[in-house]
Amino acid sequence: MPGLVLAGIKKTYGPVTAVDNIDLTFPKGKLTALLGPSGCGKTTLLRMIAGLEDPSRGTISLDGDDITEKPANKRKFGMVFQSFALFPHMSVAENVAYSLAIAGVDKATRRARAEELLDLVKMAGFEDRRIGQLSGGQRQRVAIARALAQKPDVFLLDEPMSALDAQLREAMQVELRLLQQKLDITTIVVTHDQREAMTMADQIVVMSNGRYEQVGSPSEIYHRPATAFVASFIGKANFLKGKAKDGGVDVGEFHFRPEPAASFLNGSAVQIACRPENVTIGAADETGPNRVSGTVTFLRDIGPTREIYVETPVGSVISEMPASTELVFAKGETVSAEFPAHALRLFPDTGDTAGASHGSGAGDRKVTAVSDKRDVAA
Amino acid sequence: MSYPAVSGDIEVDREAGKGGPAFAAYIRGLGPANIIMGVITAVILFVFVAPFLLVIVVSFGEKIEGASWVWGFDFSNYIRVFVGVDWPNSVTLLYALKLYYTLAYAVLGSLIAVGFAFPFTYFMTQGSRRSQAMWLVFVLASLSMSEVFVVMGWDILLSNRSGLPALLKAVGITSWLKDTGWLAVLRDWDLASPRNVKFKTSQLATVLTMAYLVWPYAVILLFAPLSRIDRSMIEAARTMGAGSLTVLRTIVLPAVRLPVLGSLLLLFVYLLGTYVSVTYFAAPAHQTLPVSIYESIRGATLNAPFGAAQAVILLITAGIFIGFSLMLARLAERKA
């Protein structure tokens, strides 16, 4: 089943390009997260899908039908807004049944459907409350119920958790995911929170500067980031800059050898990314490939893991080891840090990570992203 | 260590207050700002309250035929407004009718003005900043025209020889109306002569001119609340299947119902005092209290106490209308 397909979607506001040439497939019944820093174009993309903005170029199709020109009120896409956008002059039940009232459904059926949906989002008994009497979490549930009332073909959520406190957010992420799986509805969630995307999504689209960097499952995105930007935006990573040499990378005097060997031209600028949990710290006298010695500068225990900051000749390195580990290090101690060959990811050094995401290298990176997309969307 | 010293000072002040005459101490304690405020308050009270009180007092006075009027205290001027001068021998509703026309024109004029301004202003706020600015300049410019100027323009537009009726005749609509029998219907409505459509004099022209007069105010009063509406509410309604007009009716109007009511009340009160439009477009039998008040005070009849009584009744009626509307609004709010 084709689901929702975007082809060559572009949106410009005068000289500013908000979304640039996006090809994406949102598989039927799956939850896709559009993830990226603010200003990356993810909300604009969602609004174009909803019909609230017209694309400057490209087509949107649903199950093979071109819906690019279809206005928002004819699309039958349910949307949850960042501010929830509930109607303060209506009761909870009237809010939920609004789309049905517009469609001319009779009062009794509307009421029954509102009760059913409110029960689904665990808000039974709140039918006659005013919106002003609800908490943030309750408002979100009502907004979700309202968006689902018209049995939408596609369910859209724009930063749905951003108005909730941290604890409620975690619970709602799980709940929303369960609800989506129960209803088996094609869902697109816009978020800037990578944890939220990882928790809920079948497919994550990482965006930056109006383009996508990578499309893939949460685990693919985390373990096999396609670009330096993805590696830095999703989770944490140690970045080491060097020059490619014979399938490996020279960082200062050290030579790193990844597995499989890199295919960069000798002498080209390369970045190595390695997740902190893959870096292991050992005694100073341990030797082996991809191992550098250094001095422990800082230690901290974060619940199940322990972070060890080591100053090495190749730069500062953070290692994350299980707190249960037998090894004990002290600040100032000389140690060695091992970067396992299989855990090294190499990227061209365009100076572009999430911290400096507005670099000029976006165009180069897209090449990798496209090939990734094909794998996942198929 | 400085705290005890401060509290000591306060004690000393309290002692001084007890010692001298309280009022003198109060005046001495006033700063220049208080004195200026006091003077301004006195001037405002004099300028606004004194004429108002004078009108009330005069309304109980008595006219001397062939001369001016004398102070007095009887309700005959008020009684005359409602049941005529010859009461209880006979009842004439001449002035009661004038009051009725005053209220009817003001209610209809404000309803038409707000009725047109509301969708216009809403769609204006949906436009680009540039188009909004241009429309606002246009609206403000039309505000700068005086009532006399507006009425003159409408007078020409609606005049039987050179205005709309002449145009209708020239393009053949008048003969079509005659053939289809609509002209007879329009005659029943006082909007046609045997030969052609006529707007002068008519109540329709009076009310339309009044509505046109206050329409820019309605736009300006509604612009701020309409541009403050949460856009995502409108977008949410659209994603749920509502077209533009449905959004306007089900989301926008309820969201700004209080500003709309406020605009209606303000324009209603403003239109109660309309003079020029009424004298131009309403037939003498359909004219309003303000015209009659002017006649009494400065015009043909020269009866200041009677004019004052009409003015007081107009004021009280407006007050009753506003009070009633506010009560309704409060009821609606409680229900919501």
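Residues numbered from 1 in each chain as written. Chains lettered and ligands numbered in written order. Predicted model: local features only at pLDDT ≥ 70, side-chain atom pairs only at ≥ 80, totals over all residues. Heavy atoms only, no water.

In the nomenclature of an unreviewed UniProt entry, chain B is known as ABC transmembrane type-1 domain-containing protein of Roseibium aggregatum. The record held by UniProt for chain B lists under Subcellular location (unreviewed entry) the comment "Cell membrane". What UniProt records for chain B under Sequence similarities (unreviewed entry) is the sentence "Belongs to the binding-protein-dependent transport system permease family. CysTW subfamily." (UniProt positions renumbered as here; feature names shortened; annotations may be inferred.)

An unreviewed UniProt entry lists chain A under the name ABC transporter ATP-binding protein, from Roseibium aggregatum. Taken from UniProt, the Sequence similarities (unreviewed entry) comment for chain A reads in full: "Belongs to the ABC transporter superfamily."

(A) A look at the interface of chain A and chain B. The interface of chain A with chain B comprises 21 residues on the first partner and 18 residues on the second. Across the interface of chain A and chain B, roughly 1700 Å² is buried in total on both sides, 63% from carbon and sulfur atoms. Run the count over chain A and chain B and you get six residue pairs in polar contact (both at pLDDT 80 or more). At the level of elements, α2 (72-75), β6 (77-80) and α4 (98-102) of chain A are the ones that each hand at least two residues to the side of chain A that touches chain B. In terms of residue count, the dominant contributor to the side of chain A that touches chain B is α4(A) (three residues). Looking at the side of chain A that touches chain B residue by residue, the classes come out as 12 nonpolar, six polar and three charged. (Contact = heavy atoms within 4.5 Å. Buried area = accessible area lost by both parts, 1.4 Å probe. Polar contact = N/O pair within 3.5 Å; in protein donor to acceptor, adjacent residues only side chain to side chain. Helix = DSSP H or I, 4+ residues; strand = E, 2+ residues; numbered from the N terminus. Nonpolar A, V, L, I, M, F, W, Y, C, P; charged D, E, K, R; others polar.)

(B) Layout of unusual backbone geometry. Across the junction of Glu259(A) and Pro260(A), the peptide omega takes the value 0 degrees, indicating a cis bond. Structurally, Pro260(A) is set in the loop between β13 (254-256) and β14 (269-274). A cis amide bond links Trp87(B) to the next residue, Pro88(B), at an omega of 5 degrees. With respect to the helices and strands, Pro88(B) occurs in the loop between α4 (76-83) and α5 (94-125).

(C) Structural view of the side chain of Gln173(A). All names here are of chain A. Take glutamine 173: it is sitting in helix α7 (residues 166-183). We classify glutamine 173 as buried; its relative accessible area is 2%. With residues up to four places along the chain from it excluded, the contact list for glutamine 173 reads Met161, Asp193, Glu196, Thr199 and Met200. (Buried < 20%, exposed > 50% of the residue type's maximum accessible area, 1.4 Å probe, protein only.)

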